[in-house]
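Report on the structure
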Amino acid sequence: MSRLGTVSLRRRVTVTASLVLGVVLVALGFTIAAVFSAQGERNLNALLAGRVQLAQQLAKENVAPSNLVRRIDARGVVVSLRLPSGDTIGTPPERSGDVKRVKAVLSGPPRINGAELTLTADTALLDGAERTLARVLVIGGLVAIVVTAFALLLGMRVALLPLDRMTGLARSIASGSRGGRLSPSRTDTELGRTAEAFDEMLNSLEASEERMRTFVADAAHELRTPIAGVTAAAEAVLELGPDARPDQREHLELLLIRESRRAGRLVEDLLDLARIDAGVRLEKETVHLRELARNQADRLMLLAPTLTVVVSGPETTTVADEARVTQILANLADNARTAAGDTGRIEFHCGQSPGGVFVVVGDSGPGVPEADRERIFGRLVRLDTARRRDRGGSGLGLTIARGLARAHAGDLTCGDAGFRLTLPYG
């Protein structure tokens, strides 16, 4: 199992937000620089085109060449007008450097008709503006990231208060306090759903703890009776003198054996429950359910020859742990014998359904009341009509049987016809 990363959430959120902001600012900076450069280029072209258009208009109006050059002159634009006579008015155009040059031939009166106008714009101003913009973007971006990180560090203290409360509650519960809950005001947010799940976990843990405490107390109570019987019988045997009657000694020895067996069965049941809770290991193979039911029927008839035991239904097979399935059926058979008595009727009915194969164990006894059909699978639960400790019941058999059935991805339920064991096909 991979370990949970425990880097500070404040640091993680702050670094992540700062990185995201940095990426966004870099992308925004490049975008702004590109837009600025394109817009500057368009403005420069528009300026030069406007100067050329103005020169054409002034030439048609027969404006003197010197006045024409002066009127179309603009900041950052060098104007040069070469007349048809060969004379040049204005500043000669630069031959090198970062410049943008536009040439046009003017038309108008004879003295200016055919004159060549050259406009040269120095792009150094535009480049300087771009460098200034880049400097502003870099400095502004860095300042924005630093301010954002600082604001996040302060804001996260308030934003993470619910997690601090959750941590405090968990530590108080670990120290022995019980009953505390987060009780979120809203459950449709991330923190609300987390707090709700946390409260549900606490409810489940405390309920499980209460069930375990009750179970341990009940198990201790159940063990107390046979252990007390063993102790009393052992003490009575020790107190018998050499002149004690053999039948009296034999009675005490039988009582000692019976009570020790009861205690042993209860301990075995508790161990089975512990294995089921920890995840029982199954050795699966092809199992014939009708054959296993037939074996249990033969066992019952040996124990109580006056019983009427019937096995019906077709042969059904599944892939399961044969020993565990036998344990389930044996438990159901013993319960049926207890309910039906030694002269009653018990039936094992095998069959198939869309959900898998099944065995129904029914008897001629009074049946389980509908209100108790789920409660009977609880740990150390005995119905009033079935409190027969002389038969050795521990109140754990049905719990173990259902646990083993569900370990096979099946189930064990109680209905009008009796107990129904369902197992998957394999």
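In the block above lies the structure referred to throughout.
What this report covers is the structure whose coordinates are included nearby. (Residues numbered from 1 in each chain as written. Predicted model: local features only at pLDDT ≥ 70, side-chain atom pairs only at ≥ 80, totals over all residues. Heavy atoms only, no water.)

Broken down by element type, the chain carries nine helices and eleven strands. Here the C-alpha radius of gyration of the chain, 48 Å, is well above what a compact globule of 426 residues would show, namely 22 Å. Across its three principal axes, the chain shows a C-alpha extent of roughly 160 × 55 × 35 Å. Counting only residues that meet the buried cut, the chain has 32% of its 426 residues in that class. Of all intrachain contacts in the chain linking residues separated by at least 6 positions in sequence, the fraction that spans at least 24 positions is 65%. Total accessible area on the chain stands at roughly 25,500 Å², and carbon and sulfur atoms take up 56% of it. A gap of 11 Å separates the mean positions of the 54 positive and 50 negative side-chain charges of the chain. (Helix = DSSP H or I, 4+ residues; strand = E, 2+ residues; numbered from the N terminus. Rg over C-alpha atoms; globule rule 2.2 N^0.38 Å. Buried < 20%, exposed > 50% of the residue type's maximum accessible area, 1.4 Å probe, protein only. Contact = heavy atoms within 4.5 Å. Areas by Shrake-Rupley, 256 points an atom, 1.4 Å probe, with all protein chains shown as cover. Lys, Arg positive; Asp, Glu negative; His and termini not counted. Charge placed at Lys NZ, Arg CZ, Asp CG, Glu CD.)

Judged by side-chain charge, E283, E285, E291, E315 and E322 come together as a negatively charged surface patch. Following the sequence through the fold, E283 ends up in the loop between α6 (246–278) and β5 (285–288). (Patch = residues over 30% accessible without salt bridge, like charges linked within 9 Å, V, L, I, M, F, W, Y side chains within 5 Å. Salt bridge = Lys/Arg side-chain N within 4 Å of Asp/Glu carboxyl O.)

On the surface, a nonpolar cluster with roughly 270 Å² of combined accessible area is contributed by I139, V143 and V147. Following the sequence through the fold, I139 ends up in helix α3 (residues 124–159).

If you walk across this open sheet you meet the five strands as β6-β8-β9-β11-β10, and the pairing is mixed. Each of the sheet's edge strands pairs with one partner strand only, and the pair in question is β6 (308–312) and β10 (411–415). Each neighbouring strand pair of the sheet contributes to a mean axis angle of 15°, computed without reference to strand direction. (Pairing = 2+ DSSP bridges. Axes fitted to C-alpha atoms, helices over the stretch in contact; angles between N-to-C directions.)

Moving on: the packing of helix α7 (residues 289–303) against helix α8 (residues 322–340). At a closest axis distance of 10 Å, the pairing of α7 and α8 adopts a crossing angle of 40°. Taken together, the axis directions place α7 and α8 in an arrangement best described as oblique. Crossing hand, α7 versus α8: right-handed. Packed against α7, whose contacting residues are L289, L292, A293, Q296, R299, L300 and L303, the element α8 presents E322, V325, T326, L329, A330, A333, D334 and R337 at the interface. Grouping the constituent residues of the contact of α7 with α8 by class yields nine nonpolar, two polar and four charged. (Parallel < 35°, antiparallel > 145°, perpendicular 65-115°, else oblique. Left-handed = near helix turned anticlockwise from the far one by under 90°. Nonpolar A, V, L, I, M, F, W, Y, C, P; charged D, E, K, R; others polar.)

Right, let's get into the packing of aromatic side chains. Taken as a whole and judged by the stated rule, the model has one aromatic pair. Sitting over the face of the ring of F377, R402 holds its NZ or CZ atom 3.8 Å from the ring centroid. In this structure, R420 packs its charged tip against the face of F358, placed 3.9 Å from the ring centre. (Phe/Tyr/Trp six-rings, centres within 6.5 Å; stacked < 30°, edge-to-face > 60°. Lys NZ or Arg CZ within 6 Å of the ring centre and 35° of its normal.)

Turning our attention to the pattern of salt bridges. Scanning all chains against the criterion turns up eight salt bridges. Salt-bridge contacts for R373 lead to D416; the nearest nitrogen and oxygen are separated by 2.7 Å. Of this pair, R373 sits in the loop between β9 (356–363) and α9 (397–407) while D416 sits in the loop between β10 and β11 (418–423), placing them 43 residues apart in sequence. Residue R373 is classed as buried on the basis of its relative accessible area, which comes to 18%. Salt bridges sharing partners connect three or more residues here, namely E374, R402, R406 and D411.

Before going further, it helps to examine the nonpolar core. If you look at the biggest cluster of nonpolar residues, it comprises 45 residues, and the most contacted ones within it are V325, I346, F348, L412, F419 and L421. Here the element with the most residues in this core is α8; it accounts for seven residues. Beyond its immediate chain neighbours, meaning those up to four positions away, V325 contacts L289, L292, A320, H408, L421 and L423. In this structure, L44, I72, V77 and L83 belong to the second largest nonpolar core, which totals 21 residues. (Core = buried A, V, L, I, M, F, W, Y, C linked by side-chain atoms within 4.5 Å.)

What follows is about the sheet that holds strand β3 (residues 99–105). The strand order β2-β1-β4-β3 describes an open sheet built from four strands, whose pairing is antiparallel. Unpaired on one side and paired on the other, β2 (88–90) and β3 mark the two borders of the sheet. Pairwise comparison of adjacent strand axes, ignoring direction, gives a mean angle of 20° for this sheet. Relative to β2, strand β1 (residues 77–82) runs antiparallel, the two sharing three bridges. Across the sheet, residue L81 finds its bridge partner in β2, namely I89.

The backbone of N62 sits at a positive phi, close to 60°, despite the residue not being glycine. The phi torsion at A409 lies on the positive side, around 70°, for a residue other than glycine. Positionally, A409 belongs in the loop between α9 and β10. Its relative accessible area of 62% is what places A409 among the exposed residues.

Glancing now at the environment of V23. Here V23 is to be found in helix α1 (residues 9–60). The spatial distance from the C-alpha of V23 to the C-alpha of G114 is 56 Å, given a sequence separation of 91 residues.

What follows is about α9. Counting buried positions along α9 yields nine of eleven residues, so the element is predominantly enclosed. Listed in full, the buried residues belonging to α9 are G397, L398, T399, I400, A401, R402, G403, L404 and A405. Buried residues in α9 make contact with α6, α8, β10 and β11. Looking one or two residues beyond α9, the residue adopting positive phi is A409, at roughly 70°.

By themselves, these observations are geometric and do not establish any function.
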